[in-house]
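Structural overview for review
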Amino acid sequence: MGQYLVRMLLQVVPVMFLISIIVFVLVHVTGDPVNLMLPETATEEDREILRAALGLDQPLYQQYFVYIKNVLQGDFGNSFHYGEPALPLVLERLPATFELAAVAMLIGIVIAVPCGMISAVKRNTVLDVIISFLSVIGKAMPNFWMGIMLILLFSVSLGLFPVSGRGGVEHIVLPAFTIGIGLAAQMTRLIRSNMLEILSQDYIRTARSKGLREVLVVGRHAFRNGLIPVVTIMSLQFTSLIGGTLVTETVFAWPGLGQLLVTSVNMRDMAVVQAAVFIIALVVIVCNMLTDVVYRYLDPRIKYN
Amino acid sequence: MSHLLEVNHLQTHFKTPDGILRAVNGVSFTVDAGETLAIVGESGSGKSVTSMSILGLVSDPGKVVGGEILFEGKNLLRLTKKEYRNMRGKAISVIFQEPMTSLNPIFTVGFQISEVLRTHYKLNRKAAKQRAIEMLDTVGIANAEKVYARYPHQLSGGMRQRVMIAIALVCQPKLLIADEPTTALDVTIQAQILELIQKLAKEQNTGVILITHDLGVVAEMADKVAVMYGGEIVEHASVEQIFHRPSHPYTQGLLASLPKIHEDEQRLYSLPGTVPNLLESSEGCTFAPRCKFASEACLQSKPRLALQGEQHWVSCLKAEEVRG
Ligand SMILES: Nc1ncnc2c1ncn2[C@@H]1O[C@H](COP(=O)(O)OP(=O)(O)OP(=O)(O)O)[C@@H](O)[C@H]1O
Ligand SMILES: [Mg+2]
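All of these numbers come straight from a predicted model, not from anything done at the bench.

This brings us to the UniProt feature "transmembrane region" (unreviewed entry) in chain A. Residues and elements named next belong to chain A. UniProt records the feature "transmembrane region" (unreviewed entry) at residues 12-31, 100-121, 142-160, 172-191, 227-252 and 272-295, using the numbering of this structure. End C-alpha to end C-alpha, residues 142-160 measures 23 Å, and it is 79% helix and 0% strand. Split by type, residues 172-191 is 100% helix and 0% strand. Its first and last C-alpha atoms lie 26 Å apart.

Pasting the structure below:
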């Protein structure tokens, strides 16, 4: 186990290195930030001076070496737009994004696990049909629409929750449900189909033949097996939430990473984009490692090698 | 004396989109304590559905629609769900064909043996473990204590089937159903497993229903044989009678299809004609279309199991002619 973790960490370093190169190149070939920083009236000479000051006149690989040296010291450069170091700007947004992703995920799981299980165990009954119907609707509703509907209903009409912003528990309810309902819909269908497959396995028949109560057959023998593939999907969804709750963040003016990333891309605020992508990549990698650990715990057939 | 198990006119049907499939259609037989009944018949003849019916584990879209299953004189079909559940794994156990997939991959074999003990007896963890290890030992697993903590994927097919036997027999059931317990195993392992089942069943005076394709196994292990065809029992007799005086044309066909020299290749696949369509209920004998003895009468009326000698039941209008 310890050895395994060390090996995982050894994989992280080259991956992060690669990501830093890719991001660096992509950002530099997509446009000249100097144009955005100077007024239209600036002469070509002014531009040259600024480029030289920023080191943008150097060859790309040299710029990269300077960049990576700084990155290793935690310095992603300054944001053109905010005039502050980029990394703290990104890290500042991380808790808000994490919070939203985690609560949304939790809502998704709390709804999807029982619904998916019930749907599978009571397949082709009225209950199953109702759950399937709701999950089709849940999946079909776009986040921005769902968000606006929730705001109209719960904030504007009922006045139960604030319309936007981040603050106390009441602030997160609507954006988290906006994302969570979609997640729940998707996961419900996944859990249902997984459980259906598991329930037809031979070892489920064995469990029944041992005289176990049906609750135990499903809850003990089927559930954990059914969970294994679901964990992968949940982790994928969680990581995609870290980088991409943009729509919801916009609707609810939620000060998260997605918002920062998109505005920075629009403004060619390279330092911020690089720092943000770097951090997101790191989070994704850590999530994947954790998923792997959970996987190993759930499925003894996977060995540490 | 009443039998350990008495199945009377059992009918198990499946509702399919094409109509009602009569997988088991009026099957009757008995099993006594310490006795081994072999059920033989082609693939799809209803052997497994019969055993699942006895266990009360026929699942949708199937249903036991008629007959009775008397276990120690009590009709199992009248039991509540809970009463039935309490019999399973304790009074009636089963070993399935697929040792590779019949154990849950995410639990240790020890847990899976202890589980059945703790389901039926008020045992604490330690006592259950103790008993489970003893049982692993009994089924011939060396290093029982170590194997207790192993996962199924760490064991060979033969070992897993031994574990399945341990699970099935740890509560000392009165009836054991073994549904092709060795089909998936190597030939050399097959004999060991069958011997083990036979030995433990004799020790515990367990009644055994042995479902098999292998007539060699039947000759070796069975006291009685029921031959199934198209969801019905066409002949039911002692093992000697079946081998020496087969009185149903289908039984004769099975025996004739045996290669006489190579003993390990006694399989039941080479009968001419096709398996009957269980969706249609025929007027006459289900076997008539494949039967060389069939006459007009056979196509008109269904034969019933009738006594043709001591404890020798045959369902054929021409049994006497067939026996010759
Ligand atoms: N769940 C089900 N739904 C529909 N039909 C079924 C179902 N289970 C079994 N049957 C049908 O019941 C019939 C008897 O099947 P069964 O499994 O008892 O055969 P078998 O004698 O055990 O064959 P084998 O030697 O291949 O194991 C077959 O025609 C099969 O198609
Ligand atoms: Mg079968």
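Let's pick the thread back up.
When the UniProt feature table is mapped onto this chain, "domain: ABC transporter" (unreviewed entry) is found at residues 8-255 of chain B. For residues 8-255 of chain B, the helix share is 40%, the strand share is 27%, and the end-to-end C-alpha distance is 27 Å.

A word on the packing of helix α3 (residues 109-120) of chain B against helix α4 (residues 125-138) of chain B. Relative orientation and spacing of two packed helices are given, respectively, by the angle between their axes and the distance between those axes. Residue and element names in this part refer to chain B. Orientation of α3 relative to α4, taken along the N-to-C sense of each, is 115°, at an axis distance of 9 Å. Here α3 and α4 pass one another in a crossing that is right-handed. Between α3, through G110, I113, S114, L117 and R118, and α4, the contact on the second element is made entirely by R125, A128, K129, R131, A132 and L136. Here the residues of the contact of α3 with α4 are counted per class, giving 5 nonpolar, 2 polar and 4 charged.

Between its first and last C-alpha, helix α8 (residues 169-199) of chain A extends only 39 Å over 31 residues, short of the 45 Å set by a 1.5 Å rise per residue. Along α8 of chain A, the sharpest change in direction is near 30° and occurs at A176 of chain A.

All right, on to the interface of chain A and chain B then. With 19 residues of chain A at the contact, the number on the chain B side is 25 residues. Both faces considered, chain A and chain B share a buried interface measuring about 2100 Å² in area, 60% of it formed by carbon and sulfur atoms. Inspection of the region where chain A meets chain B yields 3 salt bridges. The partner of R205 of chain A in a salt bridge is E98 of chain B, with the nearest N and O atoms 3.0 Å apart. Elements with a minimum of two residues in the side of chain A that touches chain B: α9 (202-209) and α10 (214-243) of chain A. A per-element tally of the side of chain A that touches chain B places α9 of chain A first, with 6 residues. Partitioning the side of chain A that touches chain B into residue classes produces 5 nonpolar, 5 polar and 9 charged.

Analysis parameters
Residues numbered from 1 in each chain as written. Chains lettered and ligands numbered in written order. Predicted model: local features only at pLDDT ≥ 70, side-chain atom pairs only at ≥ 80, totals over all residues. Heavy atoms only, no water. UniProt positions renumbered as here; feature names shortened; annotations may be inferred. Helix = DSSP H or I, 4+ residues; strand = E, 2+ residues; numbered from the N terminus. Axes fitted to C-alpha atoms, helices over the stretch in contact; angles between N-to-C directions. Left-handed = near helix turned anticlockwise from the far one by under 90°. Contact = heavy atoms within 4.5 Å. Nonpolar A, V, L, I, M, F, W, Y, C, P; charged D, E, K, R; others polar. Expected span 1.5 Å × (residues − 1). Bend = angle between axes of the 7 residues up to and from the residue. Buried area = accessible area lost by both parts, 1.4 Å probe. Salt bridge = Lys/Arg side-chain N within 4 Å of Asp/Glu carboxyl O.

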